[in-house]
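A look at the structure
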Amino acid sequence: MKKYRIAIVGCGSMANTWVDYALQREDAEIVALVDIKQEFAQAMAGKRGLQCPTFTDLRMAIKETDANLVFDVTIPESHFHVAVTSMREGCNVFGEKPMAATLDACNEIIRVSEQTGRSHTTMQNRRFDPRIRAFEQLIASGTIGKPGYAGADFFLGPHFGGFRDVMDSPLLLDMSIHTFDQVRLILGSDPVSVYCHEYNPPGSWYMGNASAICIFEMSDGSVFCYRGSWCAEGAPTSWEASWRVTGEKGTAIWDGQGSPYAEVVAPALAGEWMHKYVRVDAEVKPAAHTYHFGCLDEMFASLEEGRRAETDCRDNIHSMAMVLGAAESAKTGKKIDIADLYTVYV
């Protein structure tokens with residue numbers, strides 16, 4: 001019997017990436033496919049040549065197959081049910097973002113994880129890009145000194161169709177968590193407060209607000225400004241956003257596509273009123289796996305090493321708080337103290 005007996009819950013198109021990963025691990029076996037529509041689970045089994053049984057009931061799937069690990073690839077509204085059911089049935093959980101639909105639900109997932117001793121880890125695939133790791137290290141090494149400002153621009157015009165077109169806040173609720181989680185990685189800090197102005201500009205094809213400007217105060221004393229739009233035609237940024245972090249001694253730049261670099265103050269000449277700068281290129285180290293596969297490597301490594309994963313629920317709730325805090329600020333028109341929104345279990 002292989003060490004990891006995996007039940008995959010949610011058999012839509014995204015599940016294919018999770019199946020691909022599981023199939024290349026020698027210590028893992030997919031033992032169940034679960035979906036609210038039996039025909040979706042059966043179609044996945046047939047398409048991928050999987051011999052495992054299919055189910056519509058998660059609890060039954062776990063019990064009948066002795067699964068010990070659940071991949072949650074369901075819609076966001078189902079994440080809470082899948083998470084708490086799986087952990088109470090003795091399984092660890094690796095789940096797609098977001099962790100859950102509300103902060104109350106996120107807190108309960110953490111409580112159940114503590115109570116059962118099972119882990120819950122969220123997919124934050126943007127962290128597992130060698131370029132953002134290089135950007136993080138450029139800043140963490142003190143190249144630009146202590147950061148005081150971080151800014152991310154995210155301007156794209158995807159015509160998805162479907163559920164995003166009718167969401168109230170498609171950018172904030174469906175996409176911004178990637179950038180918010182990135183800034184927590186880059187700065188090594190957590191959110192303290194947020195003010196957000198959300199709007200829907202001319203030409204938008206979304207029913208809800210597809211653009212937002214957010215100002216976050218962070219726990220390291222820095223300020224993070226997010227400017228984003230999902231209905232911006234022309235001159236698109238990267239999906240990784242375009243970044244500027246300014247510190248005591250210089251500025252670090254990453255356009256989300258090439259390699260990060262910094263410009264730092266050169267030794268000053270007497271009488272200069274504008275300093276000259278020296279460029280410092282970040283070292284981008286190759287990784288065996290990136291994005292989903294890279295994050296899944298970290299998830300499995302955390303189980304092997306008996307530690308919390310980098311995107312463990314106790315950490316990821318801070319990224320969720322940035323999203324839901326920004327949404328609350330946009331709704332109320334007020335600055336939100338994020339600590340008032342949630343209880344963090346440590």
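Below: a short report on this structure.

**Overview of the overall build of the protein chain**
Along the protein chain, the regular secondary structure elements total nine helices and 15 strands. Against the globule reference of 20 Å for 346 residues, the protein chain gives a C-alpha radius of gyration of 21 Å, in line with a compact fold. Once the C-alpha set of the protein chain is aligned to its principal axes, its extents read approximately 80 × 45 × 40 Å. Once local pairs closer than 6 in sequence are excluded, the contacts in the protein chain between residues at least 24 apart make up 69%. A total accessible area of about 15,400 Å² is found for the protein chain, and carbon and sulfur atoms account for 52% of it. Distance between charge centroids for the protein chain: 2 Å, based on 32 positive and 45 negative side chains.

**Considering the pattern of salt bridges**
Summed over the entire model, instances satisfying the criterion amount to 28 salt bridges. Across the salt bridge formed by R184 and D181, the nearest N and O atoms sit 3.5 Å from each other. Here R184 pairs with D181, and both are found in helix α7 (residues 170–187), just three residues apart, close to one helical turn. Residue R184 is classed as buried on the basis of its relative accessible area, which comes to 5%. Since its relative accessible area comes to 1%, D181 is described here as buried. Between D312 and R314 there is a salt bridge, with the nearest N and O atoms lying 2.8 Å from each other. R314 carries the same exposure label as D312, and that label is buried. Sharing partners across several salt bridges, the network here consists of R127, R133, E136, D181, R184, D190, E310 and D315.

**Re α7**
For α7, built from 18 residues, the straight-helix expectation of 26 Å at 1.5 Å per residue is met to within 8% by its first-to-last C-alpha distance of 26 Å. A bend of about 60° at S176 is the largest found in α7. For α7, a buried count of 17 out of 18 residues is recorded, marking the element as mostly surrounded by other parts of the structure. Directly beyond the C-terminal end of α7, a positive phi value near 65° is found at G188.

**Description of the nonpolar core**
Counting 62 residues, the largest nonpolar core has F180, C214, F216, F224 and W243 as its most contacted members. At nine residues, the largest contribution of residues to this core is made by α7. Core analysis: the second largest hydrophobic core is formed by 27 residues, A45, L50, F71 and M123 among them.

**Here's the deal with the state of the cysteines**
Considering all chains together, one arrives at zero disulfides under this definition. C106 carries a free sulfur, and the closest cysteine sulfur to it, the one in C313, is 9.0 Å from it. Looking at C106, the relative accessible area reads 0%, which means it is buried. Sulfur of C225: no disulfide; nearest cysteine sulfur belongs to C214 and is 8.1 Å away. On the accessibility criterion, C225 (17% relative accessible area) is buried.

Parameters and conventions
- Residues numbered from 1 in each chain as written.
- Predicted model: local features only at pLDDT ≥ 70, side-chain atom pairs only at ≥ 80, totals over all residues.
- Heavy atoms only, no water.
- Helix = DSSP H or I, 4+ residues; strand = E, 2+ residues; numbered from the N terminus.
- Rg over C-alpha atoms; globule rule 2.2 N^0.38 Å.
- Contact = heavy atoms within 4.5 Å.
- Areas by Shrake-Rupley, 256 points an atom, 1.4 Å probe, with all protein chains shown as cover.
- Lys, Arg positive; Asp, Glu negative; His and termini not counted.
- Charge placed at Lys NZ, Arg CZ, Asp CG, Glu CD.
- Salt bridge = Lys/Arg side-chain N within 4 Å of Asp/Glu carboxyl O.
- Buried < 20%, exposed > 50% of the residue type's maximum accessible area, 1.4 Å probe, protein only.
- Expected span 1.5 Å × (residues − 1).
- Bend = angle between axes of the 7 residues up to and from the residue.
- Core = buried A, V, L, I, M, F, W, Y, C linked by side-chain atoms within 4.5 Å.
- Disulfide = S-S within 2.5 Å.

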